[in-house]
Amino acid sequence: SQTIHQWPATLVQPVGSPLSLECTVEGTSNPNLYWYRQAAGRGLQLLFYSVGIGQISSEVPQNLSASRPQDRQFILSSKKLLLSDSGFYLCAWARGTSGTGELFFGEGSRLTVL
Amino acid sequence: AQTVTQSQPEMSVQEAETVTLSCTYDTSESDYYLFWYKQPPSRQMILVIRQEAYKQQNATENRFSVNFQKAAKSFSLKISDSQLGDAAMYFCAYRSKGNQFYFGTGTSLTVIP
């Protein structure tokens, strides 16, 4: 069966510090991968998605970036965090061209920028 | 980008009663998927139900059913015989042909004992 893991689960970082959130998927190959941010009391905002290694599409211009160094690994990064980067970050995957079409989510990472 | 609108930030329902959560979306595509996800206090996103746009029949999963009106671009979720465990944030989502998933802002459902 397929599983998705992301870490760390909780992170407290000072303004201006770097960020790295990592996500890995097991049990499938060539998944579509996604990073979402959920601000307090708000919906899910699509940040990045990837249909293959090295292929990253950005939905929202900001100081965050994403990379996909391996087929089932997706990393969210920032060189300098802002207060507004605080939130709950969710990694997710979906089958590219087959299956039932839904999105499978990781457990989430709570980021607090102080 | 497609937009998904949930106009009810909060809803409440008496235990064992029925509640309907609303969702509308905007798209020019003819082939797509629609979903309802549940997010309990644990924050884990759980798929509740899915609907393929080419299927005219409304999807049903036990106590959960949808009313899919393609022409009106409406996709509501009906929860029958509401249970305390149904209390959560519910998100409507749209999957485009380009494989992006877009979510509404959510509806917080309270179940009153």
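So, here is what we can say about the structure in this document. For every chain, the first residue of the written sequence is number 1, and numbering continues from 1 along that sequence. Chain A is the first chain written and ligand 1 is the first ligand written, with later ones labelled in order. This being a predicted model, a pLDDT of at least 70 is required before a residue's local features are given, and a value of 80 or more before pairs of side-chain atoms are given or counted; all residues contribute to the totals for chains, interfaces and linings. Note: side-chain values were computed over all heavy atoms of the structure, leaving out hydrogens and water.

### Things to note about the sheet that holds strand β7 (residues 64-70) of chain A
Residues and elements named next belong to chain A. For clarity, the threshold we go by: Here, strands pair whenever DSSP counts at least two bridges between them. The way it works is that DSSP assigns letters per residue, a run of H or I at least four long becomes a helix, a run of E at least two long becomes a strand, and they are numbered from the N terminus. Each axis is a line fitted through C-alpha atoms, and for a helix only the stretch in contact is used; angles between axes span 0 to 180 degrees, taken between their N-to-C directions.
Taken in spatial order, the four strands line up as β1-β3-β8-β7 in an open sheet, and their pairing is antiparallel. The open sheet has two edge strands, β1 (3-7) and β7, and neither has a second partner. Strand-to-strand, the axes of this sheet are offset by a mean angle of 15°, without reference to chain direction.

### Section: the packing of aromatic side chains
The criterion, for reference: Stacked, tilted and edge-to-face are the three classes assigned to paired rings of Phe, Tyr and Trp, where Trp is represented by its six-membered ring and a pair needs centres within 6.5 Å; plane angles under 30 degrees give stacked, over 60 edge-to-face, the rest tilted. Relative accessibility under 20% of the residue-type maximum defines a buried residue, over 50% an exposed one, and the middle range a partly exposed one, all with a 1.4 Å probe and only protein chains included. Counting as a charge over the ring demands two things of the Lys NZ or Arg CZ atom: a distance within 6 Å of the ring centre and an angle within 35 degrees of the ring normal.
Within the structure shown, the criterion is met by 18 aromatic pairs over all chains. Measuring from centroid to centroid gives 5.3 Å for tyrosine 34 of chain A and phenylalanine 101 of chain B, while their planes differ by 90°, and the two rings are edge-to-face. Here the residue tyrosine 34 of chain A occupies a position in strand β4 (residues 32-38), and phenylalanine 101 of chain B occupies one in strand β11 (residues 101-103), the pair thus bridging two chains. This pair shows no difference in class: tyrosine 34 of chain A is buried, exactly as phenylalanine 101 of chain B is. With 6.3 Å between their ring centres and 85° between their planes, phenylalanine 68 of chain B and phenylalanine 75 of chain B make a pair best called edge-to-face. With respect to burial, phenylalanine 68 of chain B and phenylalanine 75 of chain B carry one shared label: buried. Grouping aromatic residues by their ring pairs yields a cluster made of Tyr34, Tyr36, Tyr49 and Phe105 of chain A together with Tyr33, Phe35, Tyr37, Phe101 and Phe103 of chain B. The side chain of arginine 43 of chain B reaches across the aromatic face of phenylalanine 88 of chain A, ending 4.2 Å from its centre.

### Concerning the interface of chain A and chain B
Where we set the bar: Only heavy atoms matter for contacts: two residues are in contact if any of them lie within 4.5 Å across the pair. Whenever Lys or Arg places a side-chain nitrogen within 4 Å of a carboxyl oxygen from Asp or Glu, that contact is recorded as a salt bridge. Basically, the charged four are Asp, Glu, Lys and Arg, the nonpolar ten are Ala, Val, Leu, Ile, Met, Phe, Trp, Tyr, Cys and Pro, and anything else, Gly included, counts as polar.
Counting residues at the interface gives 24 residues for chain A, matched by 20 residues for chain B. Taken together, the links from chain A to chain B amount to one salt bridge. The shortest N-O distance in the salt bridge between arginine 50 of chain B and glutamate 102 of chain A comes to 2.7 Å. Among the elements of the structure, β4, β5 (44-52) and β9 (87-94) of chain A are those that each provide at least two residues to the side of chain A that touches chain B. The leading source of residues in the side of chain A that touches chain B is β4 of chain A, at four residues. Its residues assigned to classes, the side of chain A that touches chain B shows 10 nonpolar, eight polar and six charged.

These figures come from the coordinates and say nothing about function on their own.
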